[in-house]
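Here are the chains, one letter per residue:
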Amino acid sequence: MQAYKLKGKIDPSGNLLITEPVNLPPVNVEIIVWTATDTLDNTTSPTSEPAPETPRRRTKIKALQNWFEKTQPAPPDFDPDQAKWEYLKEKHNL
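All of these numbers come straight from a predicted model, not from anything done at the bench.

By the secondary structure assignment, aspartate 11 is in the loop between β1 (8-10) and β2 (16-18). For aspartate 11, the side chain forms a polar contact with the side chain of serine 13, separated by 2.9 Å. In this structure the side chain of aspartate 11 is engaged in a polar contact, spanning 2.7 Å, whose partner is the backbone nitrogen of asparagine 15.

Next up, the structure:
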């Protein structure tokens, strides 16, 4: 089965209109439709509680869950190789 993504619209009488050419031979097709969203839905009500500053990190190890909740994520410019080198320089007095 081959899938194609096409643009279309529903007219006032409820008929589906494909708004771009389809290069397919005459054949029966199965259509799946979901509505396009061009803008954000601003009708939702705001949540009563503020969002946390950092997302909660989950772990399957219950003993580490509390520790993960208290730690901060690494900054985007963090270089693990540079951190290893700094650690080794300090450890071996280089």
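So much for the structure itself; the text now carries on.
Of the pockets and cavities examined, the largest pocket occupies roughly 1,200 Å³. Taken together, 26 residues make up the lining of the largest pocket; nearest its centre are Tyr4, Lys5, Leu6, Ile31 and Ile32. Within the residue set of the lining of the largest pocket, elements represented by two or more residues are β1 and β2. Element by element, the count of residues in the lining of the largest pocket is highest for β1, at three residues.

Cut-off values and rules
- Residues numbered from 1 in each chain as written.
- Predicted model: local features only at pLDDT ≥ 70, side-chain atom pairs only at ≥ 80, totals over all residues.
- Heavy atoms only, no water.
- Helix = DSSP H or I, 4+ residues; strand = E, 2+ residues; numbered from the N terminus.
- Polar contact = N/O pair within 3.5 Å; in protein donor to acceptor, adjacent residues only side chain to side chain.
- 1 Å grid on protein atoms, 1.4 Å probe; cavity = no way out; pocket = protein on both sides within 12 Å on 5 of 7 lines; lining within 4 Å.
- Points joined across faces, edges and corners; volume = space filled by probe spheres on them.

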